[in-house]
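# An overview of the molecular structure
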Amino acid sequence: MAVQKMDKVIDYSFKTIQIENSKCVAIVRVENYNPENVKNGLERIIKLLKPSFFDDDLTEKLILIKPNVLAPDKMAFTNEVVVEQLAVILKMKGVGNIFIGDSTMTKEITRMAHVKSGLADIALRFGHEMINFLEDKFVTISHNKFEVSNVVRIPETIYNADIIINLPKMKTHAGYVFTGAIKNFFGLVEDKISMHRIYKNKAVFQKMLGDIHHAVLCCGEKIHTKPVLHIMDAIEAMEGKGPRSGKHKKYNCLIGSFSPVALDALAYSIMGGNPEDLEAIKSLSKRNSWEVNINNLDIIGDNWEDFKDEAQLPSLETLNTTRTGGSLIERVAVPIIRIFHPVIKIKSEKCKLCMNCVSHCPMQALYLDEKKKKIRVDRSKCINCFCCGEICSNNAVHQKRPISKALPLIF
Ligand code: SF4
Ligand code: SF4
């Protein structure tokens, strides 16, 4: 397996992206995490989608499974049984090398999440390699179809993988409303804090996620598009204050597609949202002409409407990045807009003053009030990315809309 030098940019502008059946999404009922049920569900998804890479001899292939391993909380990560049973199916198909990889904010938190999620144990027991992407080397990719990035850096294991199977969890996100197949690739990023700082405009951040998908699809030595299959764990999902501190909600299904746009569009619609509201879905759909309208998708398997159940979705207002700028208009308008804008609150009674959120806030908007022994938020700096909420293991970070309670009294 050839390894590229890290110090050069590899330009893949010569490659056009072509994925298998971008209009097709498969949905199958799986009631619980019983291993046999999950295995049957995964096999049904594969049978329905018929990935062409399963026709090849897979003995020499490297397949990278990318779950969501954000935090050790059960509902915050792709259930270990889904990962385990997918690996069992791949082994039965003769796959020679199975790697499981993800990363969160820091190397240490990622290591802990790998252990507490049970994935490190599965990797050990079944002889798969567990990759902490933050300990991997990185390859720098460029492509003239990147929308907001000059280059995208991806882990070397992703670069070298022959096939990638993305296993997102169906969840809400207090900073970005929804997180699914598209957002799950943010786990490939080397320096997540800096990315939040650089792409603090949320529409641009969401387009940047599309650049990551583009980089993954075009990278590697082969001339064709890298095969990527997405299968979402929507058996038990999260609503409300996701991606870590939300409420448990059952959807009893697995959803699969070659198109992260089609998958997220269907999943978000099942939760009661409109996919056109989310720039991540919309922009990636436009860039590649991948279908986003669920009326035009080929939805196969079980009847998707049977799974529809409105979730408690974060307000779309959270997608507006409103920070006080220098101009007179901004100084007057932004505080007014903020009255309707969700704000970050630290619940002192839950906070252990571990300072993790303070050291990982991309905007240095959090600080310790030494006198009161409380974490404070400087609202003029906060971009509402919710990194603090993702990193807090004590469920002490919340989002509130200051005026939401008063609105019914005003109107
Ligand atoms: S990460 Fe959570 S517990 Fe730690 S200081 Fe921040 S709010 Fe408090
Ligand atoms: S306070 Fe929290 S939401 Fe605001 S910028 Fe910092 S990490 Fe992001």
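Residues numbered from 1 in each chain as written. Chains lettered and ligands numbered in written order. Predicted model: local features only at pLDDT ≥ 70, side-chain atom pairs only at ≥ 80, totals over all residues.

## A word on the domain arrangement of the chain
Segmenting the chain into domains produces domain 1 (9-307) and domain 2 (322-410). Just the C-alpha atoms count here: the centres of domain 1 and domain 2 sit 29 Å apart. The interface of domain 1 with domain 2 comprises 15 residues on the first partner and 15 residues on the second. Broken down by element, the side of domain 1 that touches domain 2 gets its largest block of residues, three residues, from helix H6 (residues 192-198). (Domains from an automatic or database assignment. Contact = placed C-beta atoms within 7 Å. Helix = DSSP H or I, 4+ residues; strand = E, 2+ residues; numbered from the N terminus.)

## Let's talk about the site of ligand 2
Taken together, 14 residues surround ligand 2, and among them Cys361, Cys382, Cys385, Cys387 and Cys388 come closest. Taken together, the residues of the shell around ligand 2 sort by class into 13 nonpolar, one polar and no charged. (Near = placed C-beta within 6 Å. Nonpolar A, V, L, I, M, F, W, Y, C, P; charged D, E, K, R; others polar.)

## What about the packing of helix H7 (residues 202-218) against helix H9 (residues 279-288)?
Contact geometry for H7 and H9: axes closest at 8 Å, N-to-C directions at 50 degrees. Our classification of the angle between H7 and H9 gives oblique. Relative to H9, H7 is oriented so that their crossing is right-handed. Contacts between H7 and H9 involve Ala203, Gln206, Lys207, Leu209, Gly210 and His213 from the first element and Glu279, Ala280, Ser283, Leu284 and Arg287 from the second. Residues belonging to the contact of H7 with H9 are distributed by class as follows: four nonpolar, four polar and three charged. (Axes fitted to C-alpha atoms, helices over the stretch in contact; angles between N-to-C directions. Parallel < 35°, antiparallel > 145°, perpendicular 65-115°, else oblique. Left-handed = near helix turned anticlockwise from the far one by under 90°.)

## Thoughts on the pairing of strand E11 (residues 228-239)
Among the 12 residues in E11, 11 count as buried, and that is most of the element. Across three bridges, the pairing between strand E8 (residues 163-167) and E11 is parallel. Bridged to Asn166 within E11 is His230. Note that strand E9 (residues 169-173) and E11 share two bridges and pair parallel. (Buried ≥ 20, exposed ≤ 12 C-beta atoms within 10 Å, placed from the backbone. Pairing = 2+ DSSP bridges.)

## Considerations on the site of ligand 1
Lining the immediate environment of ligand 1, one finds 14 residues, of which Cys351, Cys354, Cys357, Cys392 and Ala396 sit closest. Looking at side-chain class alone, the shell around ligand 1 contains 11 nonpolar, two polar and one charged residues.

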